[in-house]
Amino acid sequence: MSLLAEVWEAVRAIGQGMAAVNRRVGESAVTEFYPYQKPEIPPVSVQFLALIQNEDGSDRCVSCLACERACPSQVITIERKRNPAGKGFVLERFDLDFVNCMHCANCVEVCPVSAIVTVGDFEHAVYDVNMLKADKAFLDEIGRRAQVWYSPKFGVEIRKPDGSIEKAPPEMQPGGLAELLAGEEGA
Amino acid sequence: MSRMPLPLDRHIKPKLVGYDPTRPRPGVERLAYTLFFGSLWALVVVAYGLVPALFRSQGWLDGALGFFFYAVIEALLAFGIAAVVALILIVVLRKYLGKVQERVGPMHYGPAGVLQTVFDALKLLGKEDFAPANVDPLIFRLAPAITFVSAFLMLVAVPVAGGWVMADLNVGLLFIVAASTLGAYGVVLGGLAQGGKWGMLGAFRAGAQLVSYEVPLALALLAVGVYSGSLRLSDIVEHQQGLWHVVPMFIPFLVYLVASIAELKSTPFDLPEAESELIGGFNTEYSGMSFAFFFLAEFVELFLLPALVVVLFFGGWHGPLFGLDPASFAAQALQSFYFLVKTAVWVWIFMWIRATLPRFRDDQLMDLAWKGLLPLALFGLILAAFLRMFVEVV
Amino acid sequence: MGLLGSEARPQNIIVGTLDDVINLARSRSLWPLTFGIACCAIEMMAAWTPKVDADRLGMFFRNSPRQADLMIISGTVNKKIASRVKRLYEQLAEPKWVVSMGACANQGGPFRQGYSVVEGVDKIVPVDVYVPGCPPRPEALLQGLLLLRDKIADRKLRYQQPRVALTDYDVFAEPGKDGRVPVL
């Protein structure tokens, strides 16, 4: 009788599996139709980097070279010169080699003025690899186009329809890094 | 350092072409499947009903020339049926597997993705048909043709309605067994001729599996033949007028079901082409149209083996005729409709099994064939003989 | 760049139209080769999971290079695997395309000055589409595949065949043995 019991066990297991499969058919698909529906990606997830300009069109970047030093892949090249008008430096060249960038966002973390930020923009595939070598104009363009971005110092910021930049409401802020840094500053 | 001026706007967005699934268009998918089924039915009615009726009524079949043209036209129509069946079943299988896995399957090309297989077929047509250096060129080219022809031959003997059959052979069952065995030759020869280790392993597995499962399959068919007293498929269907064979012949039915899935080389019996182990097994080195013929044969068999389940065990074309004269054209068309509906249900069950079960191990496969199915099939054969002798359920 | 391969463009209207139809079919049924190298391969697999489901767009993996149209280089190409990548590319049946996925495959990424790394897969095989990211998310890979689809279907872009990038050293050799010695 052990043979019959074994056969029955096998038949029962197969039946259970097939019933489970059939239940799946009725359930709705979880698929997002990518080119037609874009996924909502929070800017905290590092997809791309951008340079942010102030509301009056001047650079936020103060050419402190912190990002260039912090970059583990050594893809940031900054050239600067002394500001003839006053103190500080003027940015002459800011190249970011996105081909080799490993998207670690170390540059974003060390930036003292939140000039380089992460954006949730991910559609950057190209036919020619040299197109990915970004210069300052391109990074500024991504920054101008971005509506929402993130840096640990200022948290998530949004661009209003009238062009002014504001800190995003708390429900848009990430729970982790920004509050941690804010707590450190407070202490 | 001089730098090439690069365009500021380097975002290249893919074009939005094809069917947009986010726009709600209810019923498009259902309409597409209805059209699929309708076109297949129309093709069957033309191939099995209209053309033979036309040739018989005009008396063209008496002359040699008329018979030649009849044969050519029927062969073309049968090829058309095979192609349409494969085109439909590939996209239906992909959609069904998608549904099982909570995704959507082919979606964007054609309404609800129904043109996907057309694009696949056109692409394979334009693909390089490559033969590696150390293949046996003749057998390498012949093997896909053998496999496809074997699937194609089975189509000839299947009756779709009363009197609607391309060749009503008096040894139909033997013909079916012979044709499906021919398919095993194509697979084994194709695997061995390509001179690679994956193909060789696939051919060994295919040989072991297909030959082993041929035995219980043939015995199950023989049981049906013994019980119904004829090897002619039309007679077997006629014999099921009162009671479908699945009730008295339940054991041969089970054996046939398992063995035909093994003949089909689909999961859980896909060892010959085990993609995760043998990178395609016997069709590793085939590309372009040669590969397409293997693909086509597989899906034609996915239609024909369920069709044989229906013919042998589920009453073939039998169904309520609503008082129509069984010899009339309308009744025969209705019968072919019943046949196709039953076949569609069984194709769905085959796909369901394919979507559920994981792959067997080699020794489990052999155990099942020789220790499980063969005794069961012999028992079924004896049972059929006893039923035939003592019960006479006709 | 536009001049490259323009001689191959068919002048005949009928042949040109047939060419368009076949290339439309090719662009709609891209079957990639099951070939993953490193961490990008995880994201490549994720592009075929139910959430993204590249099967919607007619793409599914073929295990044999003879039946695949497309190779997704997903990860760091080391000197050891470079010859295999090259061989697999040569085993693909024509017509064939290559998508380079992630920073390492594009130009070596963070490992580009390492002694064992090929600085970009375009030193070995011609690459059609570059997907940046480390790794790119599945939708980003899908965007790259859709760009490839548009390239195949487009008359102007189709004939711009990519070339293997020229190097002054042996890509496959070890550093010090004709392979370039990295300067840090």
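Throughout this description, residue numbers start from 1 for each chain and increase along the sequence as written. As a convention, the first chain written is A and the first ligand written is 1, with the rest following in written order. Per-residue local features of the predicted model are confined to residues with pLDDT of at least 70, and side-chain atom pairs are confined, for both listing and counting, to 80 or more; whole-chain, interface and lining totals are unaffected and use all residues. Hydrogens and water are ignored here; the side-chain numbers use all heavy atoms of the structure.

Student: Tell me about the side chain of A:Thr118, and name the residues and values.
Tutor: Residues and elements named next belong to chain A. Under the scheme used here, helices are H or I runs from DSSP no shorter than 4 residues and strands are E runs no shorter than 2 residues, and both carry numbers assigned from the N terminus. Turning to its location among the elements, Thr118 is positioned in strand S4 (residues 116-119). Within 3.5 Å is the distance limit for a polar contact, defined as a pair of N or O atoms, with the added protein rule that one can donate a hydrogen and the other accept it, and that residues adjacent in sequence qualify only through two side-chain atoms. Among the polar contacts listed, one links the side chain of Thr118 to the backbone oxygen of Pro43, at a separation of 2.8 Å. The contact rule is simple, with two residues in contact once any of their heavy atoms fall within 4.5 Å. Ignoring any residue separated from it by four or fewer positions in sequence, one finds Thr118 in contact with Pro43, Val46, Phe48, Leu49, Ala105, Val108, Trp149 and Tyr150.

Student: Any details on the sheet that holds strand S3 (residues 129-131) of chain C? Residues and values, ideally.
Tutor: Residues and elements named next belong to chain C. A pair of strands is considered paired only if DSSP assigns at least 2 bridges between the two. Strand order in this open sheet of three strands is S1-S2-S3, and the pairing throughout is parallel. Two strands close off the open sheet at either side, each with one partner strand: strand S1 (70-74) and S3. Between one strand axis and the next, the sheet turns through 20 degrees on average, direction left out of account. Sheet analysis places S1 next to strand S2 (residues 97-101), joined by five bridges and oriented parallel. Note on S2: the bridge partner recorded for Met71 is Val98. To get an axis, fit a line to the C-alpha atoms, keeping to the stretch in contact for a helix; angles then go from 0 to 180 degrees between the N-to-C directions.

Student: Which residues make up the interface of chain A and chain B, and what values go with them?
Tutor: Taken together, the contact between chain A and chain B spans 35 residues of the former and 31 residues of the latter. Summed over both partners, buried area is the accessible surface (1.4 Å probe) that two parts give up on being assembled. Here chain A and chain B share an interface that buries about 2,900 Å² over both sides, 65% of which is from carbon and sulfur atoms. The largest per-residue losses of area from chain A upon contact with chain B belong to A:Met18, A:Phe33 and A:Tyr36, which jointly make up 24% of the total buried on that side. A carboxyl oxygen of Asp or Glu within 4 Å of a side-chain nitrogen of Lys or Arg is what we treat as a salt bridge. At the surface where chain A touches chain B, the tally comes to two salt bridges. For the interface between chain A and chain B, the tally reads four residue pairs in polar contact (both at pLDDT 80 or more). The element contributing the most residues to the side of chain A that touches chain B is helix H1 (residues 2-26) of chain A, with eight residues.

Student: So what's going on with the sheet that holds strand S3 (residues 89-97) of chain A? Residues and values would help.
Tutor: Note: strands within a sheet are paired through backbone hydrogen bonds, in either parallel or antiparallel orientation. Residue and element names in this part refer to chain A. Strand order in this open sheet of three strands is S2-S3-S5, and the pairing throughout is antiparallel. The open sheet has two edge strands with one neighbour each: strand S2 (76-82) and strand S5 (133-134). Each of S3 and S5 is contacted by helix H4 (residues 136-145), which is oriented at about 85 degrees to S3, the strand it contacts most.

Student: Tell me what's going on with unusual backbone geometry, and back it up with residues and numbers.
Tutor: Cis geometry marks the peptide bond from B:Thr267 to B:Pro268; its omega dihedral reads 5 degrees. With respect to the element layout, B:Pro268 can be found in the loop between helix H8 (250-264) and helix H9 (275-278). The step from C:Glu94 to C:Pro95 runs through a cis peptide bond, and the omega angle for that step is -10 degrees. Looking at the secondary structure, you find C:Pro95 in the loop between helix H3 (79-91) and S2. Positioned with a positive phi, B:Ala112 is a non-glycine residue whose angle comes to about 55 degrees. For B:Ala112, the location among the structural elements is in the loop between helix H2 (64-100) and helix H3 (116-125). A positive phi angle, near 60 degrees, is found at B:Lys265, a position not held by glycine.

Student: Explain the interface of chain B and chain C to me, using residue names and the numbers behind them.
Tutor: Counting residues at the interface gives 36 residues for chain B and 32 residues for chain C. Note on chain B versus chain C: buried area summed over both sides is about 3,100 Å², and carbon and sulfur give 53% of it. Among the residues of chain B in contact with chain C, B:Tyr109, B:Lys123 and B:Lys127 are the three that bury the most area, contributing 20% of the side total. Inspection of the chain B/chain C interface yields seven salt bridges. The partner of B:Lys127 in a salt bridge is C:Asp69, and the shortest N-O contact between them spans 2.8 Å. In this structure, the connection of chain B to chain C is made through 25 residue pairs in polar contact (both at pLDDT 80 or more). Broken down by secondary-structure element, the contributors of at least two residues to the side of chain B that touches chain C are H3, H9 and helix H10 (288-313) of chain B.

Student: Which residues make up the layout of surface pockets, and what are the values?
Tutor: Cavity and pocket criteria rest on a 1 Å grid covering protein atoms alone: a 1.4 Å probe that fits but cannot get out defines a cavity, protein on both sides within 12 Å along at least 5 of 7 lines defines an open pocket, and an atom within 4 Å of a point defines a lining residue. Grid points are joined across faces, edges and corners, and a volume is the space filled by probe spheres set on the points. In this structure, the largest pocket encloses a volume near 1,400 Å³. As for the largest pocket, its lining consists of 31 residues, of which A:Val7, A:Ala10, A:Val11, A:Ile14 and B:Leu368 are closest to the centre. At the level of secondary structure, the elements contributing two or more residues to the lining of the largest pocket comprise H1 of chain A together with H8, helix H11 (329-356) and helix H12 (362-391) of chain B. Top element by residues in the lining of the largest pocket is H1(A). It accounts for nine residues. Of the volumes computed, that of the second largest pocket is approximately 1,000 Å³. B:Leu97, B:Glu275, B:Arg354, C:Phe60 and C:Phe61 are, among the 32 residues lining the second largest pocket, the residues nearest its centre. Listing elements by their share of the lining of the second largest pocket, those giving two or more residues are H2, H9, H10 and H11 of chain B.

Student: Residue-level account of the packing of aromatic side chains, with values.
Tutor: Two aromatic rings from Phe, Tyr or Trp, using only the six-membered ring of Trp, form a pair when their centres are within 6.5 Å; if the ring planes differ by under 30 degrees the pair is stacked, by over 60 it is edge-to-face, and anything between is tilted. Evaluation of the coordinates by the stated rule reveals 33 aromatic pairs over all chains. Plain terms: the ring middles of B:Phe314 and B:Trp346 are 5.1 Å apart, the flat faces sit at 55 degrees to each other, and that makes the pair tilted. Remark: B:Trp346 occurs in helix H11 and B:Phe314 occurs in the loop between H10 and H11; sequence separation between them is 32 residues. The buried label goes to any residue with under 20% of its type's maximum accessible area, the exposed label to any with over 50%, and the partly exposed label to all in between, with areas taken from a 1.4 Å probe on protein chains only. On the accessibility criterion, B:Trp346 (10% relative accessible area) is buried. Site record: aromatic cluster; members linked through ring pairs are B:Trp244, B:Phe250, B:Phe253, B:Tyr256, B:Phe313, B:Phe314 and B:Trp346. Over the ring of A:Phe89 we find A:Arg80, and its NZ or CZ is 3.8 Å from the ring centre. In this arrangement the basic side chain of B:Lys123 is found over the ring face of C:Trp31, its NZ or CZ atom lying 3.6 Å from the centre. We call a charge positioned above a ring when the Lys NZ or Arg CZ atom is no farther than 6 Å from the ring centre and deviates by at most 35 degrees from the ring normal.

Student: Give me the lowdown on the pairing of strand S1 (residues 48-51) of chain A, citing residues and values where you can.
Tutor: Residues and elements named next belong to chain A. Neither face of S1 is open: one carries Phe48 and Ala50, the other Leu49 and Leu51, and all of them are buried. Judged from the four bridges that link them, S1 and S4 form a sheet pairing that is antiparallel. Each residue of the ladder has a partner; that of Leu49, found in S4, is Thr118.

Student: Outline the state of the cysteines, listing residues and values.
Tutor: As used here, a disulfide is simply a covalent bond connecting the sulfur atoms of two cysteines. Any pair of cysteine sulfurs within 2.5 Å is marked as a disulfide. As enumerated under the stated definition, the model contains zero disulfides over all chains in all. A:Cys104 provides the cysteine sulfur closest to A:Cys71, a residue in no disulfide bond, and the two sulfurs are 6.1 Å apart. Of all cysteine sulfurs in the structure, the one in C:Cys40 sits closest to C:Cys39, which takes part in no disulfide; the separation is 5.4 Å. In this structure C:Cys39 comes out as exposed when scored by relative accessible area, which is 54%.

Student: I'd love a proper account of H4(A), names of residues and values included.
Tutor: With respect to burial, H4(A) is a largely interior element, seven of its 10 residues being buried. A:Lys136, A:Phe138, A:Leu139, A:Asp140, A:Glu141, A:Ile142 and A:Gly143 are the residues of H4(A) that are buried.

Student: Just give me the short version of the pattern of salt bridges, but keep the residues and values in it.
Tutor: Throughout the structure, instances matching the rule amount to 39 salt bridges over all chains. A salt bridge links A:Lys38 to A:Glu123; the shortest N-O distance between them is 3.6 Å. In this pair, A:Lys38 sits in the loop between H1 and S1 while A:Glu123 sits in the loop between S4 and S5, placing the two residues 85 residues apart along the sequence. With a relative accessible area of 5%, A:Glu123 lands in the buried category. A network of salt bridges, in which partner residues are shared, links B:Arg94, B:Arg103, B:Asp120, C:Asp53 and C:Asp55.

Student: Any details on the environment of B:Leu89? Residues and values, ideally.
Tutor: Mapped onto the elements of the fold, B:Leu89 is located in helix H2. Setting aside residues no more than four positions away along its own chain, B:Leu89 makes contact with B:Phe299, B:Leu302, B:Phe303, B:Val347 and B:Met351.

Student: I'd like to hear about the domain arrangement of chain B, residue by residue, with values.
Tutor: Residues and elements named next belong to chain B. For every domain, the bounds stem from an assignment made automatically or drawn from a database. By the assigned domains, chain B splits into domain 1 (26-126) and domain 2 (133-391). Spacing between the C-alpha centres of domain 1 and domain 2 amounts to 20 Å. Buried area between domain 1 and domain 2, both sides added, is near 2,700 Å², and the carbon and sulfur share of it is 87%. The interface formed by domain 1 and domain 2 includes zero salt bridges. Where domain 1 meets domain 2, there are three residue pairs in polar contact (both at pLDDT 80 or more). Counting residues per element, the ones that place at least two in the side of domain 1 that touches domain 2 are helix H1 (28-58), H2 and H3. Sorting elements by how many residues they give to the side of domain 1 that touches domain 2 places H2 first, with 15 residues. Each residue receives one of three labels: charged for Asp, Glu, Lys and Arg, nonpolar for Ala, Val, Leu, Ile, Met, Phe, Trp, Tyr, Cys and Pro, and polar for the others, Gly being one of them. For the side of domain 1 that touches domain 2, the per-class residue count stands at 24 nonpolar, one polar and one charged.

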